[in-house]
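Examining the three-dimensional arrangement
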Amino acid sequence: RSKYDCILSTSKSINEDNSKLNCRIDGLENKSPSVVIIDRKLRLKRGIKIIKERGNRKIYLFTSVFNKAKENYFKKRGVRIIRLNKMKTQKDFIDILFKLNSFGYSRILLESGLNFMNFCLRSRIIQNLYIFKTNNNLYKNGINYSSPNLLKKIKLNEKIKVNLFGDSLYKINLK
């Protein structure tokens, strides 16, 4: 069984990356976890890979916007829409976590951009943080999202021994 029940991401991350958020380990391709998408303004693009190549995975979309046409499009493709009154505060997102727990999801992997991750860090709703660090100099091909935020304060002490082709993986326990 996977260590995580589902992957939580945002529509912004999924739209920008057109990611599948699936398992690509030989023999485990059909073991990809369910997906939860936070999409406050219902901006998830139609025709993205995660929807087109859903397979038998469950996909939940949390939004606070009503758009019947877009909702029908996603529902026809097996996406469960959960509409909330608001999605702004720490309490709102803790309510989402409780809702996910009622669906049977208690181990959630957050795969998102820095904005949402920083919100989750400030709200103290992340238990463990894993940081991948490359040894390659990315030069102009890399984007530096560094800013004076919570990530800069984190010390990378606990290195995990795993084959990442020269890159490093660190685990930080936040609770």
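Residues numbered from 1 in each chain as written. Predicted model: local features only at pLDDT ≥ 70, side-chain atom pairs only at ≥ 80, totals over all residues. Heavy atoms only, no water.

Observations concerning the pattern of salt bridges
This is how the line gets drawn: By salt bridge we mean one thing: a side-chain nitrogen of Lys or Arg within 4 Å of a carboxyl oxygen of Asp or Glu. A run of H or I in DSSP counts as a helix once it spans at least four residues, and a run of E counts as a strand once it spans at least two, with each numbered from the N terminus. Between buried and exposed lies partly exposed: a residue is buried under 20% and exposed over 50% of the maximum accessible area for its type, with that area taken using a 1.4 Å probe on protein chains only.
Across all of its chains, the model carries five salt bridges by this definition. For Arg107, the salt bridge goes to Asp5, with nearest N and O atoms at 2.7 Å. You can see Arg107 sitting in the loop between α4 (90-102) and β5 (108-110) and its partner Asp5 sitting in the segment before β1 (6-10), a full 102 residues away along the chain. According to the relative accessible area criterion, Arg107 is partly exposed, its value standing at 31%. When the shortest N-O distance is used, the salt bridge between Arg83 and Glu71 registers 2.9 Å. Taken together, the residues span a long stretch of sequence, with Arg83 in strand β4 (residues 79-83) and Glu71 in helix α3 (residues 68-76) at a distance of twelve residues. Taking relative accessible area as the criterion, Glu71 reaches 3% and is therefore assigned buried.

Concerning unusual backbone geometry
One non-glycine residue with positive phi stands out, namely Leu42, at about 50°. Tracing the backbone shows Leu42 in the loop between β2 (34-38) and α2 (49-52).

Details of the sheet that holds strand β3 (residues 59-63)
Here is the rule we go by: By this definition, two strands are paired if DSSP reports at least two bridges between them. Interaxial angles span 0 to 180 degrees and are taken between N-to-C directions of axes, which are lines fitted to C-alpha atoms, for helices over the stretch in contact. In this analysis, two residues are considered to be in contact whenever any of their non-hydrogen atoms come within 4.5 Å of each other.
Pairing is parallel across the open sheet formed by five strands, whose spatial order is β4-β3-β2-β1-β5. With one partner strand each, in any of the chains shown, β4 and β5 form the two edges of the open sheet. Put simply, the sheet's adjacent strands are angled 25° from each other on average, direction ignored. In this sheet, β5 lies alongside β1 in parallel orientation, the contact comprising three bridges. If you follow Ile7 over to β5, its bridge partner there is Leu109. In the packing of α3 onto the sheet, contacts are made with β3 and β4, and the angle to β4 comes to roughly 140°.

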